[in-house]
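# Coordinate inspection notes
Chain by chain, the residues:
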Amino acid sequence: VALHPERLLVLNTTQANTTLLRMLALNRSIDASLSYGFEIPYLVSQYPELTGQLSWFAVRGQPLSLTNHAACARSDLGRRVIEGLDLAARRGVLRDHAQHLYEEWLDTNGRRTLAGLRRELGPAFWNESLP
């Protein structure tokens, strides 16, 4: 940035990755973006004009399933939010509903990969060993 301040691109958005992927699909200012595999089919479902414009490749050496984390401020409210998210994630009905919504974003190959992960990981798929 110090050497080439004219090349600095600052995005202020609540949909940062959607914006980056759209810029990538339209050949505007970026060459690549990190994303989850489901984000491209979801983006194409929202912006059909991007069909065939994006490809997703797994990062070599990374597992197909990554644990996600939520972050909140270090405060009493933040702690309560995290506790609420943890509780909701362990409730079968909420978890199953969220999983169904997620699977709607996946293409056929993504659903097949997810089903294979579920079989391979068993209870660990849902982090059921966590307290």
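Here is a short report on the structure shown in this document. (Residues numbered from 1 in each chain as written. Predicted model: local features only at pLDDT ≥ 70, side-chain atom pairs only at ≥ 80, totals over all residues. Heavy atoms only, no water.)

### Regarding the packing of helix α4 (residues 92–105) against helix α5 (residues 108–121)
A pair of packed helices is captured by two measures, namely the crossing angle of their axes and the spacing between those axes. α5 packs onto α4 with a crossing angle of 140° between their chain directions and a minimal axis gap of 9 Å. Accordingly, the angle class assigned to the pair α4 and α5 is oblique. Between α4 and α5, the residues in contact are Gln99, Tyr102, Glu103 and Glu104 and Arg111, Leu114 and Arg118, respectively. (Axes fitted to C-alpha atoms, helices over the stretch in contact; angles between N-to-C directions. Helix = DSSP H or I, 4+ residues; strand = E, 2+ residues; numbered from the N terminus. Parallel < 35°, antiparallel > 145°, perpendicular 65-115°, else oblique. Contact = heavy atoms within 4.5 Å.)

### Examining the nonpolar core
Counting nine residues, the largest nonpolar core consists of Leu21, Met23, Leu24, Ala25, Ile30, Ile40, Leu43, Leu50 and Leu54. Those elements giving two or more residues to this core turn out to be α1 (16–25) and α2 (39–46). Considering each element in turn, this core owes the most residues, four residues, to α1. Other than its neighbours up to four places away in sequence, Leu24 contacts Ile30, Asp31, Ala32, Ser33 and Leu54. (Core = buried A, V, L, I, M, F, W, Y, C linked by side-chain atoms within 4.5 Å. Buried < 20%, exposed > 50% of the residue type's maximum accessible area, 1.4 Å probe, protein only.)

### Focus: the pattern of salt bridges
Per the counting criterion, the structure on display carries four salt bridges. Among the salt bridges present, the one from Asp76 reaches Arg79, with a minimum N-O distance of 2.4 Å. Residue Asp76 and its partner Arg79 are located together in helix α3 (residues 76–90), separated by three residues, close to a single helical turn. As a salt-bridge pair, Asp76 and Arg80 come within 2.4 Å of each other at their nearest N and O atoms. Here Arg80 and Asp76 lie together in helix α3, a separation of four residues that amounts to about one turn. A single network of salt bridges, built from pairs that share partners, joins Asp76, Arg79, Arg80 and Glu83. (Salt bridge = Lys/Arg side-chain N within 4 Å of Asp/Glu carboxyl O.)

### Section: the packing of aromatic side chains
Per the stated rule, a full pass over the model turns up one aromatic pair. Note on Tyr42 and Trp105: the rings are 4.5 Å apart at their centroids and 45° apart in plane angle, and the pair reads as tilted. Here Tyr42 is found in helix α2, whereas its partner Trp105 is found in helix α4, with 63 residues between them in sequence. Look at Trp105 and you get partly exposed, because its relative accessible area is 34%. Just above the ring of Tyr47 sits the side chain of Arg22; from NZ or CZ to the centre is 4.0 Å. (Phe/Tyr/Trp six-rings, centres within 6.5 Å; stacked < 30°, edge-to-face > 60°. Lys NZ or Arg CZ within 6 Å of the ring centre and 35° of its normal.)

Without other data, these values stay purely geometric and don't point to any function.
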